Amino acid sequence: MRRRSDPQQQLILRIDLERAEHETWREIAIDGTARLDQLADAIVIAFGWTGTGTHAFGSTWPGWRMTEYGSYEHDLPGAANRVGAPERIRPLGRRDRRPDAWREYSYYPDADEFACEHAWTVAEAVEQLGGDFVFEYRRHEPDYDRDPPPGWRHRIRAIESSKRPLGATTATVVAGVGLIPRDLAESAYGELADPAELHLLEHEFEVRFGAGTAGRLGFAKHGLSLDDAVAGASVAARRALRMDLVDAGLLLAHEIEREVAERVTTPIRDILRLAATPDGVEPSSLGELGDDLHALRLLRRSKGRLHTLAEVRDRVMERPLELWRVLAARLMNAGAPRYSPSTSSKIAEFAVELARAEREVRTFAFDEAHRDAGGAGSRVLDFNRVLRVLVAMGLVDEDGAPSDPAARPFAMTMLKS
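What you see is a predicted model; the values in this text were computed from it and never measured. (Residues numbered from 1 in each chain as written. Predicted model: local features only at pLDDT ≥ 70, side-chain atom pairs only at ≥ 80, totals over all residues. Heavy atoms only, no water.)

**Considering the side chain of threonine 24**
Then, number 1: Along the chain, threonine 24 turns up in the loop between β1 (9–17) and β2 (25–31).
Then, number 2: Side-chain polar atoms of threonine 24 contact the backbone oxygen of histidine 22, separated by 2.9 Å.
Then, number 3: Apart from residues no more than four positions distant in its own chain, threonine 24 is found in contact with Ile15, Asp16, Leu17, Phe47, Val177, Gly178 and Leu179. (Helix = DSSP H or I, 4+ residues; strand = E, 2+ residues; numbered from the N terminus. Polar contact = N/O pair within 3.5 Å; in protein donor to acceptor, adjacent residues only side chain to side chain. Contact = heavy atoms within 4.5 Å.)

As structure tokens, then:
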């Protein structure tokens, strides 16, 4: 009978990229109870593959060999196991009632065959395959004919086992050398997994394998993550954007001086004070800015007048730091209805441009998100609203160029909303 995996077991896997021009390997610490699809994600992140291709796990036991078409065949029946996972994040191996009988899959099976009856954990794969197996990743080729696209094989060896530290992520990269080969689209992302920048990889592993808080730094119950702003972009493009923002320090916590928050929010607080009187404010006296503050849930309409919402009057009107955070969060999410899971990529891209200053940030995730999003007219309206409020606060000019040093920290607060 197969032993149950220790829920606290942590494995250190040494993963070498075979036939690479330069030595390229990673060491990944992973929970023994993690599934093979989770290990596949960890390898993709650790090496910098886009993850848009196909992959497969397989044994390296004697008797098996990989054919030129990417499938496996064996010389001695029953000589080895076969673990199949042709898609990026789903464990697609199927096992019958015999522990050593795995069904063979090609790289491009019919989707109907993806019903999975069993998925090995990493500890089970290490145990059953003798601590030595392979992971093969194949580049995405939308126009392939008969032959599968180019692929790379990774040799996986278990080199250490220990107790999993309390509070540790399910997986993390602990060491490595070398970058993946430069090949078409893959080369645009390989440098994201530079072992010299382990702190960036650690952040990505925390996003994928942690408690779900890293990279989703929302404000109150209305906060939406930056990832949602580029929901239409590929996983790899979103990862490139996020890692560049982390590298530039734009998603780190930062202190805002009260004097700065008070100066910047004064124009908005003056309006809120006027609207907090019993008679409120005549909408025409505020122009479009009144509509903007109403849309941002700072003012309400009653009997043809604008009034400050009670919760705004009591909680944020006389608290500049709190109003700074509320404005940043609601401007960032101005393109989304209340409780919507998505926000306007145009607003997020504008916040990135304000925050990054001279730092290099790969923003092609926004290009992909723009192509995927619909309703361009509403996005323009929402962006104009954001621009008008920032102009009223004196942070940018009418063309959107920063006109105050506080524009950058305010945009950083927006990005963390």
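**Comments concerning the environment of glutamate 322**
Then, number 1: Within the secondary structure layout, glutamate 322 lies in helix α11 (residues 320–332).
Then, number 2: Residues glutamate 322 and alanine 261, spaced 61 residues apart in sequence, show a C-alpha to C-alpha distance of 8.8 Å.
Then, number 3: A polar atom in the side chain of glutamate 322 sits 2.7 Å from the side chain of arginine 315.

**Side note on the pattern of salt bridges**
Opposite charge on two side chains permits them to pair, given that their charged atoms come into close proximity.
Then, number 1: Counting across every chain of the model gives 25 salt bridges.
Then, number 2: The shortest N-O distance in the salt bridge between arginine 157 and aspartate 16 comes to 3.4 Å. One end of the pair, arginine 157, is in strand β7 (residues 151–163); the other, aspartate 16, is in strand β1, with 141 residues separating them in the sequence.
Then, number 3: Residue class for arginine 157 comes out partly exposed when judged on its relative accessible area of 33%.
Then, number 4: Classification of aspartate 16 as buried rests on a relative accessible area of 17%.
Then, number 5: Of the charged contacts, one joins glutamate 136 and arginine 153 as a salt bridge, the two residues approaching to 3.8 Å between their closest N and O atoms. With glutamate 136 in strand β6 (residues 132–138) and arginine 153 in strand β7, the pair connects residues that are 17 residues apart, well separated along the chain.
Then, number 6: Each of Arg14, Asp16, Glu23 and Arg157 takes part in salt bridges that share partners, so that together they form one network. (Salt bridge = Lys/Arg side-chain N within 4 Å of Asp/Glu carboxyl O. Buried < 20%, exposed > 50% of the residue type's maximum accessible area, 1.4 Å probe, protein only.)

**A few points about α11**
Working note: α-helix, 3.6 residues per turn, so residues spaced by three or four point in the same direction.
Then, number 1: Given a rise of 1.5 Å per residue, 13 residues ought to cover 18 Å, and the 18 Å separating the end C-alpha atoms of α11 matches this to within 8%.
Then, number 2: Buried residues dominate α11, accounting for 10 of its 13 residues.
Then, number 3: Along α11, the positions that sit buried rather than exposed are Pro320, Leu323, Trp324, Val326, Leu327, Ala328, Ala329, Arg330, Leu331 and Met332. (Expected span 1.5 Å × (residues − 1).)

**Observations regarding unusual backbone geometry**
Then, number 1: With a phi close to 60 degrees, arginine 19 is a non-glycine residue in the positive phi region.
Then, number 2: Here arginine 19 is to be found in the loop between β1 and β2.
Then, number 3: With phi around 55 degrees, alanine 357 is a residue other than glycine that occupies positive phi space.
Then, number 4: Inspection of the secondary structure puts alanine 357 in the loop between α12 (345–356) and α13 (364–372).

**Here's the deal with empty space enclosed by the protein**
Then, number 1: In the structure shown here, the tally under the stated rule is 4 cavities of 30 Å³ or more.
Then, number 2: Approximately 60 Å³ is the volume found for the second largest cavity.
Then, number 3: In terms of lining residues, the second largest cavity is bounded by Val44, Ile45, Gly48, Trp49, Tyr189, Leu192, Ala193, Leu201, Ala236, Arg239 and Met243.
Then, number 4: Elements with a minimum of two residues in the lining of the second largest cavity: α1 (36–47) and α6 (235–247).
Then, number 5: The greatest single-element share of the lining of the second largest cavity, amounting to 3 residues, is contributed by α6.
Then, number 6: Among the residues making up the lining of the second largest cavity, the classes are represented as 9 nonpolar, 1 polar and 1 charged. (1 Å grid on protein atoms, 1.4 Å probe; cavity = no way out; pocket = protein on both sides within 12 Å on 5 of 7 lines; lining within 4 Å. Points joined across faces, edges and corners; volume = space filled by probe spheres on them. Nonpolar A, V, L, I, M, F, W, Y, C, P; charged D, E, K, R; others polar.)

**What to know about the packing of aromatic side chains**
Then, number 1: Here the structure, examined in full by the defined rule, presents 6 aromatic pairs.
Then, number 2: An angle of 90 degrees between the planes, with centres 5.1 Å apart, marks the rings of phenylalanine 350 and phenylalanine 383 as edge-to-face. One end of the pair, phenylalanine 350, is in helix α12; the other, phenylalanine 383, is in helix α14 (residues 376–392), and 33 residues separate them in sequence. Here the two residues phenylalanine 350 and phenylalanine 383 agree in accessibility, since each one is buried.
Then, number 3: Each residue in the set Trp49, Tyr137 and Trp152 is aromatic and connected to the rest through ring pairs, giving one cluster.
Then, number 4: Taking the ring centre of phenylalanine 47 as reference, the NZ or CZ of arginine 26 above it sits at 4.9 Å.
Then, number 5: The ring of phenylalanine 383 carries lysine 346 above its face, with NZ or CZ at 4.8 Å from the centroid. (Phe/Tyr/Trp six-rings, centres within 6.5 Å; stacked < 30°, edge-to-face > 60°. Lys NZ or Arg CZ within 6 Å of the ring centre and 35° of its normal.)

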